[in-house]
Amino acid sequence: MLHLKMYINGEWVDAQSGKTREIVNPASGEVIALAAEGDVEDARHAIQVARQAFDSGEWAELPAAERARYLFAIADKLEARAEEIARLETLDNGKPLRESRFDVADAAGCFRYYAGLVTKPDGQTYHVADPVQAMVVREPVGVCGLIVPWNYPLLMAVWKIAPALAAGNTIVFKPSEVTPVTARTLFEIIEEVGIPKGVANMVMGPGPTVGHELAASHLVDKISFTGGTATGRSIMTAAAGNIKKISLELGGKSPNIVFADADFDTAVDYALFGIFANQGQVCSAGSRLLLEESIHDRFVERLVERAKQIRVGAGDDPETEMGPLVSQAHMEKVLRYIELGKAEGARLVCGGNRLAANGLDKGYFVEPTIFVDTTPDMRIVQEEIFGPVLAVQKFTDEEDAIRLANNTVYGLAGGVFTQDGAKAMRVIKKLRAGITWINCYHPTYNEAPWGGYKQSGIGRGLGTFGFDEFTEVKQININLQVQPIGWFAK
Ligand code: NDP
């Protein structure tokens, strides 16, 4: 049994109340860890520590190359412990090992990307009307509260921690209560590489108390959150008190559009990958498949045939292609949506059930599920289910595809499959979404910005845009002819 403590001011500490929370393996229902269950007091302590650390200037004023050296060292250590961390991620989150291994490699790459970026040219200079040299420099925002969900516990942590530290901020990080295990390992590594005490802190505890305190505290300058749209809305409200800078990466109901002239096998393959990777618990999942009328039946037939072959099982079984959902509560939510889809009149053509055979009854396994004959107003078409549930929609032509694609409150991602390059670009340019793919779905790069339009969020993670979110821009004007301005009479 693992005992997970919080990391505050360079010390591993229990919750002040002494409370703990049981962490469960979603493949077996077994308790695998006891995690400190912090509350508002613990969050306040961590925030004060991070405030002092930031105000001391110790981290922000280090030469960028020095900060980079720490981040490169973290990347090396993540790689050295990659297999151990991947196994812990699978134990805690349930995802198949091959996905956890990918996440750890990507996390190391993210630290390297920001370690490299921080020493590169930065700022701007301007040729202005006066004998003045005008310029801008970037500075850290200050104390950053970082709140992440349970679907990519390590990777989401790193997407925020790496740019925040690279830019010279101090941080208070909160993992999801459901999946805190790999965050412990990451902070062990942060400790080992010698990041100064107080710069990087981790608190654990419920979102509505600990997370809310990070969003509401006037000692925190910036909040960066990934999670559900409803939570994002409450964070925005809490953050208004001190006009905190906010970055929100929220939900989606992303359209994956397949035209009749698409490469059929490629489109089928990516349609499966788009919705069933990580059990569909992906903010950018291609959870709405838009099929051109003329290929609809043939495509669905092949898709169902392939979906039925997906091997569902425990993530640590090398045969497994799809694991359990993250928790019992989440599984129940997904099953409720499946019932809702049936009640709304959509036709279930694949899956739809919890899996119980071969010992799966102890875990939270749900079959790959596909609905057809949906209508745009159905809740299973409009709402984020965050599970292995695909809603298929039919379209008549390009205009119809675009109209349906944009017809939700979300705008995170979208894909188009066609062999007509001009058509692909026309459609992509009309999609109100921040992340798009042509003839593929899901690839994500540390170099490229990640985030959404509409109610899918504010700001961007990753790339230079993601770095900018953790900086303030300061204008500096240097007078080159130092003499009185003479504006007022003497
Ligand atoms: P949440 O958005 O509630 O959780 C994400 C993180 O926010 C967790 O660390 C959570 O803490 C924290 N949190 C919760 N409430 C608050 C609050 N009031 N103030 C500050 N922080 C808070 O996701 P859920 O786990 O509840 O999932 C609900 C739905 O959200 C999912 O079904 C899915 O549709 C969507 N979702 C989207 C994600 C995405 O990547 N876009 C990721 C996860 C969920 P705690 O651990 O205590 O819950």
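Everything below is about the structure printed above this text.
Scoring rules and cut-offs
Residues numbered from 1 in each chain as written. Predicted model: local features only at pLDDT ≥ 70, side-chain atom pairs only at ≥ 80, totals over all residues. Heavy atoms only, no water. Pairing = 2+ DSSP bridges. Helix = DSSP H or I, 4+ residues; strand = E, 2+ residues; numbered from the N terminus. Axes fitted to C-alpha atoms, helices over the stretch in contact; angles between N-to-C directions. 1 Å grid on protein atoms, 1.4 Å probe; cavity = no way out; pocket = protein on both sides within 12 Å on 5 of 7 lines; lining within 4 Å. Points joined across faces, edges and corners; volume = space filled by probe spheres on them. Nonpolar A, V, L, I, M, F, W, Y, C, P; charged D, E, K, R; others polar. Salt bridge = Lys/Arg side-chain N within 4 Å of Asp/Glu carboxyl O. Buried < 20%, exposed > 50% of the residue type's maximum accessible area, 1.4 Å probe, protein only. Contact = heavy atoms within 4.5 Å. Near = heavy atom within 4 Å. Polar contact = N/O pair within 3.5 Å; in protein donor to acceptor, adjacent residues only side chain to side chain. Areas by Shrake-Rupley, 256 points an atom, 1.4 Å probe, with all protein chains shown as cover. Sits in = over half its atoms within 2 Å of the grid points. Right-handed = clockwise from strand over helix to strand, strands pointing away.

Draft legend 1. Focus on the sheet that holds strand 5 (residues 31-36). As summarised here, the arrangement of the 3 strands in space is 1-5-4, forming an open sheet in which the pairing is mixed. Pairing within the sheet leaves two strands with one partner each, and these edge strands are strand 1 (2-4) and strand 4 (20-24). The average angle at which neighbouring strand axes cross in this sheet is 25°, direction not considered. Examined bridge by bridge, strand 1 and strand 5 share 3 bridges and lie parallel to one another.

Draft legend 2. Inspection of empty space enclosed by the protein at higher detail. Counted under the stated rule, the structure contains 3 cavities of 30 Å³ or more. The calculated volume of the largest cavity comes to roughly 150 Å³. Elements with a contribution of two residues or more to the lining of the largest cavity: helix 5 (153-166), strand 11 (222-226) and strand 12 (245-249). The leading source of residues in the lining of the largest cavity is helix 5, at 4 residues. When grouped by side-chain class, the residues that make up the lining of the largest cavity number 9 nonpolar, 6 polar and 4 charged.

Draft legend 3. Region of the structure containing the pattern of salt bridges. Under the definition given, this model contains 31 salt bridges. Arginine 302 is the salt-bridge partner of glutamate 305, the closest N and O atoms lying 2.4 Å from each other. Separated by 3 residues within a single helix, glutamate 305 and arginine 302 lie in helix 10 (residues 296-308), roughly one turn from each other. Residue classification places glutamate 305 among the partly exposed residues on the basis of a relative accessible area of 38%. Glutamate 339 is the partner of lysine 342 in a salt bridge, and the nearest nitrogen-oxygen pair spans 3.1 Å. Taken together, the residues lysine 342 and glutamate 339, both in helix 11 (residues 328-344) and 3 residues apart, mark about one turn of the helix. Among the residues examined, lysine 342 registers a relative accessible area of 36% and is labelled partly exposed. We classify glutamate 339 as partly exposed; its relative accessible area is 45%. In this structure, a network of salt bridges that share partners links the residues Lys77, Arg81, Glu84, Arg184, Glu188 and Glu192.

Draft legend 4. Main features of the layout of surface pockets. By volume, the largest pocket is sized at about 980 Å³. Lining the largest pocket we find 40 residues, and of these Trp150, Phe225, Gly227, Gly228 and Thr231 sit closest to its centre. Elements supplying a minimum of two residues to the lining of the largest pocket: helix 7 (207-216), strand 11, helix 8 (229-239) and helix 11. In terms of residue count, helix 8 provides more of the lining of the largest pocket than any other element does, 7 residues in total. Across the lining of the largest pocket, the residue classes tally to 19 nonpolar, 15 polar and 6 charged. Put simply, the second largest pocket is a space of about 820 Å³. Looking at the second largest pocket, it is lined by 30 residues, and the ones nearest its centre are Glu99, Phe273, Ala277, Asn278 and His442. Among the secondary structure elements, those contributing two or more residues to the lining of the second largest pocket are helix 4 (97-117), helix 5 and helix 9 (264-276). Tallied by class, the residues present in the lining of the second largest pocket amount to 17 nonpolar, 5 polar and 8 charged.

Draft legend 5. Quick peek at the side chain of serine 456. Structurally, serine 456 is set in the loop between strand 21 (453-454) and strand 22 (457-458). Residue class for serine 456 comes out buried when judged on its relative accessible area of 0%. Those residues within four positions of serine 456 in sequence are excluded, and the remaining contacts are Leu248, Glu249, Leu250, Gly251, Gly252, Tyr410, Gly411 and Leu412.

Draft legend 6. Molecular detail of the sheet that holds strand 6 (residues 124-127). Strand order across the open sheet formed by 3 strands is 6-7-23, with antiparallel pairing between neighbours. Each edge of the open sheet carries a strand with a single partner, namely strand 6 and strand 23 (471-479). Averaged over all adjacent pairs, the angle separating strand axes in this sheet is 20°, with direction ignored. With 9 bridges joining them, strand 7 (residues 132-140) and strand 23 adopt antiparallel strand pairing. Directly across from valine 137, in strand 23, lies its bridge partner lysine 474.

Draft legend 7. Looking closely at the site of the ligand. Taken together, 30 residues are adjacent to the ligand, and Trp150, Glu177, Gly207, Gly228 and Lys333 come closest. Note that an oxygen atom of the ligand is positioned 2.6 Å from one of the backbone N or O atoms of glycine 207. Here an oxygen atom of the ligand and a side-chain polar atom of threonine 231 are 2.9 Å apart. Protein chains shield 84% of the accessible area of the ligand, which is 850 Å² for the free molecule. Taking a 2 Å distance to the grid points as the criterion, the majority of the atoms of the ligand fall inside the largest pocket. Those elements that place two or more of their residues in the shell around the ligand are helix 7, strand 11, helix 8 and helix 11. Ranked by the residues each element gives to the shell around the ligand, the list is headed by helix 7, at 4 residues.

Draft legend 8. Examining the pairing of strand 14 (residues 288-292) more closely. Of all 5 residues making up strand 14, 5 are buried, and the element is well covered by its neighbours. Residue alternation in strand 14 divides its side chains into two sets, Arg288, Leu290 and Glu292 and Leu289 and Leu291, and both sets are buried. Direction of pairing for strand 13 (residues 255-258) relative to strand 14: parallel, over a ladder of 4 bridges. If you follow valine 258 over to strand 14, its bridge partner there is leucine 291. Handedness of the crossover is the feature at issue here: the chain leaves strand 13, passes through helix 9, returns alongside strand 14, and the resulting connection is right-handed.

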